[in-house]
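Below, each chain spelled out in residue letters.
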Amino acid sequence: MIRMVCVLSALASLQSCGFSKSDLFGILKKSAADEITAFGIRTPASSGIIDESAKTISVTVPYATSTAGLVAVFTTTGETVKVNGIPQTSAATPNDFSKPVVYTVESEVGLSTNYTVCVTVAKNSA
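Residues numbered from 1 in each chain as written. Predicted model: local features only at pLDDT ≥ 70, side-chain atom pairs only at ≥ 80, totals over all residues. Heavy atoms only, no water.

(A) Quick peek at the nonpolar core. Of all hydrophobic cores here, the largest spans 18 residues; its most connected members are Ile36, Phe39, Ile41, Phe97, Tyr103 and Val119. Discounting residues that sit within four places of it in the chain, Ile36 has contacts with Ile50, Glu52, Ile57, Phe74, Thr75, Thr76, Tyr103, Val105 and Tyr115. (Core = buried A, V, L, I, M, F, W, Y, C linked by side-chain atoms within 4.5 Å. Buried < 20%, exposed > 50% of the residue type's maximum accessible area, 1.4 Å probe, protein only. Contact = heavy atoms within 4.5 Å.)

(B) Structural context of the pairing of strand S1 (residues 36-41). Judged from the five bridges that link them, S1 and strand S4 (residues 70-76) form a sheet pairing that is antiparallel. In the sheet register, Ile36 faces S4, and the bridge partner there is Thr76. One ladder, built from two bridges, connects S1 with strand S2 (residues 46-51); its direction is antiparallel. Across the sheet, residue Gly40 finds its bridge partner in S2, namely Ser47. Between S1 and S2, which pair antiparallel one after the other, the connecting turn spans four residues. (Pairing = 2+ DSSP bridges. Helix = DSSP H or I, 4+ residues; strand = E, 2+ residues; numbered from the N terminus.)

(C) Structural detail: the environment of Glu52. Checked against the element boundaries, Glu52 lands in the loop between S2 and strand S3 (56-61). The class of Glu52 is partly exposed, set by a relative accessible area of 27%. Taking the C-alpha atoms as reference points, Glu52 and Thr37, separated by 15 residues in sequence, lie 9.0 Å from one another. Discounting residues that sit within four places of it in the chain, Glu52 has contacts with Glu35, Ile36 and Tyr115. A polar side-chain atom of Glu52 sits 2.9 Å from a polar atom in the side chain of Tyr115. (Polar contact = N/O pair within 3.5 Å; in protein donor to acceptor, adjacent residues only side chain to side chain.)

(D) Representation of the side chain of Asn95 in the model. Residue placement: Asn95 occurs in strand S7 (residues 94-95). You can call Asn95 buried: its relative accessible area is 13%. A polar side-chain atom of Asn95 sits 3.3 Å from a polar atom in the side chain of Tyr103. What Asn95 contacts, discounting residues up to four positions off in sequence, is Thr67, Ala68, Gly69, Leu70, Val83, Gln88 and Tyr103.

(E) Examining the sheet that holds S1 more closely. Taken in spatial order, the nine strands of this open sheet run S6-S5-S8-S9-S3-S2-S1-S4-S7, and their pairing is mixed. Each edge of the open sheet is held by one strand with a lone partner, namely strand S6 (86-87) and S7. Here four bridges tie S2 to S3, and the two strands are oriented antiparallel to one another. Its bridge partner being in S3, Asp51 is matched across the sheet by Thr56.

Listed below in structure tokens is the structure:
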């Protein structure tokens, strides 16, 4: 709701600065969506659990999996996804998950949301 008020306020300001209605409609067509809707690790295949209210994602990988160089598979409603300013490509970009990794999802209108991803290695079942 707050985002919508901010967008409408910004649009009113733009119109008073001489932007045409077609300019404003072009801006309105852009999305403010900036969520990760699914997340997992490609190999070994492991699904993540997204806590949308806390903006956290938890993934457990099998015992003895190295957390360095894991590749995430994700879907997003955003325009871009970055880690430390580096663009991420689902199923392609490796990251070191030995510590929590912050994924920043940016919308078409410049809004962003951070998700903290924590990968845990399962304990030895033997």
